[in-house]
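Coordinate analysis (summary)
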Amino acid sequence: MDILSLENVSQEFFLPRKLGDIVTRKPARSIRAVQAMNLAIHENEILGIAGESGCGKSTTCLIAAGLLSPTDGVVVHRGQSLAAMDDVAKKIFRRSVQIIFQDPYESLNPRFQIGDAVAEGPRALQLWPEDVIQDKVRSILHSVGLDPDRFMKRFPHELSGGERQRVGIAAALVMEPDIVFADEPLSMLDVSIRADILALIKTLAAERKFSCVYVSHDLSILGNVADRIMIMYLGQAVEIGSAKDVLTNPKHPYTKALISAVPIPDPTIERGIPKIIGDLSMPVNTHQGCQFAPRCPYAKDACWQSFKPLSEAQALHQSSCLRETDADVLNEVVDADRG
Ligand SMILES: Nc1ncnc2c1ncn2[C@@H]1O[C@H](COP(=O)(O)OP(=O)(O)O)[C@@H](O)[C@H]1O
Ligand SMILES: [Mg+2]
């Protein structure tokens, strides 16, 4: 069974109206941060989500973790819709679905000792008696590589960035979740310690048998951790499939372009690079079609009118590109060579 799914989820953020707009009665402008998203997260998998900054990765995680209610669509946890949950089911959800935030400096309360920071979640939900909580906190700190005797009584400012992110991981895992969202957990850390934290998350996911949604703008990281990869572009999921399929046989022109930007160590391998025109825009009051159309060398009229939302029912490798099977998209390598 799927642990968690998003069904046709959309999120619109309305921007504050300028005085001039109010006077001239212009409609409020909005950002479509997530559009018609269908996603099912399987048992014991690591699903990577990739895409440029601003494409809606964090918003997707917040919605899936129940921290933001979507403008449209439903979140389903183990067969139960989040919106229809009673208090008991909500408590189970709050325990089962955890998030590790991007910024370990912001996500820890500076006044809490580490032991209390990690114990906060179990205490708030009254999961266990206090002595059991203490034992579990010590044990999870140990699992994330922090000696409880040394770290329990320390304050966040006494820790390095890597240590703080380990605390963030401990605070999520002490809840014994079945799914963890890791939202760019390495991006604020020194390059030298990133590999250790990444390996830690991967090991813990296998040992403790939770599913993980691992968000990164860096495809080469995802290639190392993820079983499946989903690619997003300006609020739309444009491609999903096994990590191998997406990385070696991408279908969507945007994925092809992203992959061609990842350096390959072997200089004898040549790759055609589809030409991307223009810049990443803000998804403000845009057209109904594929958000990549303005930059896509293969866009036809139809692409400005609609796109193919991914279907969560299909576990296959799929893309949202209307033209994915058309010859010029399939043969983009030839095209790029010619240009
Ligand atoms: N609370 C908010 N209010 C208004 N706009 C927001 C809010 N949160 C995110 N956005 C906008 O939604 C889009 C997606 O943001 P986000 O999910 O943070 O992207 P990512 O995590 O991929 O960088 C961006 O254009 C961002 O500016
Ligand atoms: Mg983000």
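Here, every reference points to the structure presented above.
The numbers attached to residues start from 1 for each chain and follow its sequence in the written order. Chain A is the first chain written and ligand 1 is the first ligand written, with later ones labelled in order. The predicted nature of this model means local features are confined to residues of pLDDT at least 70 and side-chain atom pairs, given and counted, to a pLDDT of 80 or more, with totals for whole chains, interfaces and linings taken over all residues. Here the side-chain values reflect all heavy atoms present in the structure, with hydrogen atoms and water set aside.

In this approach, a probe sized like a water molecule rolls over the atoms, and the result shows the empty space that is left. Of the two site types, the cavity is a set of points on a 1 Å grid over the protein atoms alone where a 1.4 Å probe fits but cannot get out, and the pocket is an open set with protein on both sides within 12 Å along at least five of seven lines, each lined by residues with an atom within 4 Å of a point. Grid points are joined across faces, edges and corners, and a volume is the space filled by probe spheres set on the points. Size it by volume and the largest pocket reaches roughly 860 Å³. If you trace the largest pocket, you find 34 residues lining it, with L67, R94, V97, Q98 and I99 closest to the centre. Helix and strand assignments come from DSSP, with helices taken as H or I runs of at least 4 residues and strands as E runs of at least 2, each series counted from the N terminus. Of all the secondary structure elements, the ones that give two or more residues to the lining of the largest pocket are β4 (72-77), α3 (87-96), β6 (97-100), α4 (114-124) and α7 (161-173). A per-element tally of the lining of the largest pocket places α4 first, with 5 residues. Partitioned by chemical class, the residues of the lining of the largest pocket number 22 nonpolar, 9 polar and 3 charged. Side-chain classes are defined by residue name, with Ala, Val, Leu, Ile, Met, Phe, Trp, Tyr, Cys and Pro counting as nonpolar, Asp, Glu, Lys and Arg as charged, and the others, Gly among them, as polar.

Turning our eyes to something else, we now look at the pattern of salt bridges. Should a side-chain nitrogen of Lys or Arg be within 4 Å of a carboxyl oxygen of Asp or Glu, the pair is scored as a salt bridge. The full count for this structure, using the stated rule, is 12 salt bridges. Between R295 and E52 there is a salt bridge; the shortest N-O distance is 4.0 Å. With R295 in the loop between α11 (253-260) and α12 (301-305) and E52 in the loop between β3 (46-50) and α2 (57-64), this pair connects stretches of sequence that are 243 residues apart. The exposure class assigned to E52 is partly exposed, which follows from its relative accessible area of 26%. Among the salt bridges present, the one from D326 reaches R323, with a minimum N-O distance of 3.0 Å. A residue is classified by how much of its surface remains accessible, and D326, at 28% relative accessible area, is partly exposed. Taken together, the shared-partner salt bridges connect E43, R78 and D178 into one network. Summary of the burial criterion: residues with accessible area below 20% of their type's maximum are buried, those above 50% are exposed, and those between are partly exposed, where the area comes from a 1.4 Å probe applied to protein chains only.

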